[in-house]
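# Chains, contacts and geometry: an overview
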Amino acid sequence: MATITDEILLCFICLISFFFIQSLLKRKAKLRSDFKRPPSPPALPIIGHLHHLSPVIHQSFHRLAQLYGPLMRLHIGTSTMIVVSSASSARDILKIHESLFSSRLTFGMEDYNIYEGHSFTTAEYGPYWRFMKRLCMSKLMSASQLDRFMDVRREEMKKLLESLAKSSKESAAVDLGAELTRMTNNVLSRMVMSTRCSDGYNEAEVCRNLVLKCIEFAGKLSMADILDTFIKKFDLFGHGRKLVKSMEQFDKFVESIMEIHEERMKSSAGDTKDMMDILLEVHHDQNSATKLTRKGIKNFVLVSTFLYPPNGIYKSKDDFDKPSLILISICLFQEMFIAGVETSSKALQWATAELISNPIVFDKLREEIVSLVGTTRLVQESDIPNLPYLQAVVKEALRLHAPAPLILRKCTEDCKINGFDILKDTRILVNAYSVMRDPLQWKEPNKFMPERFLAGSEENIGQHPMDMKGLHLHYIPFGSGRRGCPGASLALNVMHSTLATLVQCFDFQVGKEGIDMKAGSGFTTAMKKPLICYPILRFSPI
Ligand code: HEM
């Protein structure tokens, strides 16, 4: 038996090697003699540069870029990618040659993705993407739609305060990260389809579990893809079939929710519409030039909300602790990676951790809030424009701890960047972590200094208050240009009001060991250890 297994294994390795060498030869044949490729670290056969990577992928890229430069070429298996690590190279890719780099890279699961061709986040830059982007900006995430859900955000904030106040009364420790994730989950779920995530059994919970299954199989499938397209093509391990089955279950489930919404829409015109209602309206609009399919809606729901469990911890976390799987998952799941819940809650956790670790900043922020709001009412979203230090704290937290540190693009034409040749279809990863710590752009780049974002700061950033749209290519927490994040306003809204409320209402104590500011592994930059602290209520407006 052992011999048969060994033989199968040997055949397998031979096949992989054959296809690997074949693809290398093909790649080589394509290269002209004068072709100048970006520098690259030493590689091993088959796995390429995989051994250079640690579980915190963006930090591995950052370290390698110090040795091999801001435009660096990496191979993992048969796949080649270019990592971009300085503000000036990011400018070349995201601004100067934007039209060549406005499509997203895709990976692995296309053959088994039942929503293939209906995705917004992975859509090629073209008519369907433009239609969805317009829908996002004019309806789904427009200022008026965000205003309509202000009460929802206030209610969820109140629930967060109640929960922390209870812990304060009982002198109990809380996992602040889990509380913040629950809050952002609920805000998003209610805005998308009027359901909460943390009321015991509910639709959102079931849906999320189905998505986790899809993630598991797609991750395994993409591992095969990255090592060799042959394994993927013939679905040797059956992960493709399992992925299709899980996605079909997810599809059936969301279909039933859509039908409930459609029934409700017939009877109650004019109520506050959630995103699902808007998407269904567009779907039924006979006059729409571009058709939004039911699959398109389901894919959007999959992307926007239900990707992470309420406590922010993967069920199959071990699967994502290996660099190979993390990298692959990043490439494959860019849709989920850039999704709303995870990014917003992670950003909030880091910002809160920085505030607790920097008491001078914490006190200064509280002083600003108290001097504007007083001590008799709770800070509100409408106060935010008058709180410049709060805005500076959020900007600085997003600079140091970009929740989506790798911006994923694809090169759509052969071109020359910085004197290096880049082939059509090359995968591009802009490392926002490196860009936002570029020492040529930032004074003491690794230090948490919100003051740098205030008007009149020495760094001149205040001369043109740093926006969030990526116009200044050294500050790109939400990406840049046409493919920039359409959820930025919503995310900032939630971040500003939550941080302001926490600082206004609570002091936070931590154990003797303090707060561990190391990053963990994963699609987004999570903290390595949970943010455990003791909230002490100092002002209760509820
Ligand atoms: C702090 C929170 C967030 C951060 C840091 C963040 C970051 C990003 C980044 C870096 C990108 C890629 C941009 C590029 O390629 O230039 C992106 C794209 C995207 N984000 Fe966000 N995001 C956040 C919150 C949200 C929210 C709340 C939503 C929606 C509910 C959202 C939906 C999207 C979508 C749909 C895209 C794809 C856009 C496209 O391909 O055209 N994001 N985000």
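Residues numbered from 1 in each chain as written. Predicted model: local features only at pLDDT ≥ 70, side-chain atom pairs only at ≥ 80, totals over all residues. Heavy atoms only, no water.

## Comments concerning the packing of aromatic side chains
To describe a pair of aromatic rings, one takes the distance between the centres and the angle between the planes. The cut-off we apply is this: Each pair of aromatic rings taken from Phe, Tyr and Trp, with Trp reduced to its six-membered ring, is defined by centres within 6.5 Å and is described as stacked if the planes are under 30 degrees apart, edge-to-face if over 60, and tilted in the remaining cases. We count a stretch as a helix when DSSP gives it H or I for four or more residues in a row; a strand needs E for two or more, and each element gets its number in order from the N terminus. Whether a charge sits over a ring depends on NZ of Lys or CZ of Arg being within 6 Å of the ring centre and within 35 degrees of the ring normal.
Tallied over the entire structure, the rule returns six aromatic pairs. With a centroid separation of 5.9 Å and 55° between ring planes, the pair formed by W442 and F453 is classed as tilted. A residue pair is termed long-range when its members are at least 10 positions apart, and W442 in the loop between α18 (432-435) and α19 (488-505) and F453 in the loop between α18 and α19 qualify at eleven residues. Among the aromatic residues, those joined into a cluster by ring pairs are W442, F453 and Y475. Across from the ring centre of Y125, 5.3 Å away, lies the NZ or CZ of R130, which sits over that ring.

## Regarding the site of the ligand
Quick note on the threshold: What makes a residue near a molecule or strand is one non-hydrogen atom of that residue sitting within 4 Å of it. Think of a polar contact as two N or O atoms within 3.5 Å of one another; within protein, one of them needs to be a possible hydrogen donor and the other a possible acceptor, and neighboring residues in sequence only count if both atoms come from side chains. Classes in brief: Ala, Val, Leu, Ile, Met, Phe, Trp, Tyr, Cys and Pro nonpolar; Asp, Glu, Lys and Arg charged; the others, Gly included, polar.
Taken together, 25 residues lie around the ligand, and R104, W129, R409, S480 and C485 are the ones closest in. At 2.7 Å, a side-chain N or O of W129 approaches an oxygen atom of the ligand. R483 places a polar side-chain atom, nitrogen or oxygen, 3.1 Å from an oxygen atom of the ligand. Broken down by secondary-structure element, the contributors of at least two residues to the shell around the ligand are α15 (340-357) and β4 (406-410). Element by element, the count of residues in the shell around the ligand is highest for α15, at four residues. Considered class by class, the residues forming the shell around the ligand number 14 nonpolar, eight polar and three charged.

## Focus: the environment of L146
Cut-off, in case you're wondering: Exposure classes here rest on a 1.4 Å probe applied to the protein chains alone. A residue is buried below 20% of its type maximum, exposed above 50%, and partly exposed in between. Residues count as neighbours in contact if any of their non-hydrogen atoms are within 4.5 Å of one another.
Within the element layout of this structure, L146 appears in helix α5 (residues 143-148). Look at L146 and you get buried, because its relative accessible area is 5%. When the C-alpha atoms of L146 and L490 are compared, they prove to be 6.9 Å apart, with 344 residues separating the residues in sequence. Excluding its chain neighbours within four sequence positions, the residues that come into contact with L146 are M141, R153, M191, S489 and L490.

## Comments concerning the nonpolar core
Threshold: Only buried residues count toward a nonpolar core, which is a set of Ala, Val, Leu, Ile, Met, Phe, Trp, Tyr and Cys residues joined through side-chain atoms within 4.5 Å.
L140, M276, L292, F300, V430 and I476 are the most contacted members of the largest nonpolar core, which totals 114 residues. Top element by residues in this core is α19. It accounts for eleven residues. Those residues in contact with F300, other than ones at most four positions away along the chain, are F120, M132, C136, L140, M141, M275 and L279. Within the second largest apolar cluster, 15 residues are counted, among which are I57, L64, M81 and L406.

## Structural notes on the packing of helix α16 (residues 359-373) against α19
Using the following cut-off: To get an axis, a line is fitted to the C-alpha atoms, and for a helix only the part in contact is used. The angle between two axes follows their N-to-C directions and goes from 0 to 180 degrees. Between 65 and 115 degrees an angle is taken as roughly perpendicular, under 35 as roughly parallel, over 145 as roughly antiparallel, and anywhere else as oblique.
Their axes nearest at 9 Å, the elements α16 and α19 cross at an angle of 95°. Relative to α19, α16 is oriented roughly perpendicular. On the side of α16, the interface is formed by F362, L365, R366, I369 and V373, while α19 contributes A500, V503 and Q504. The residue makeup of the contact of α16 with α19, split by class, is six nonpolar, one polar and one charged.

## Examining helix α7 (residues 176-193)
How we decide: Multiplying 1.5 Å by the helix residue count minus one yields the expected span of that helix.
End to end, α7 covers 26 Å across 18 residues, agreeing with the expected 26 Å (1.5 Å per residue, within 8%). By the criterion of burial, α7 is predominantly enclosed, with 17 of the 18 residues buried. The N-capping residue of α7, defined by a side-chain oxygen 3.2 Å from the backbone nitrogen of G177, is D175. Looking one or two places after α7, you find S194, whose phi comes out positive at around 55°.

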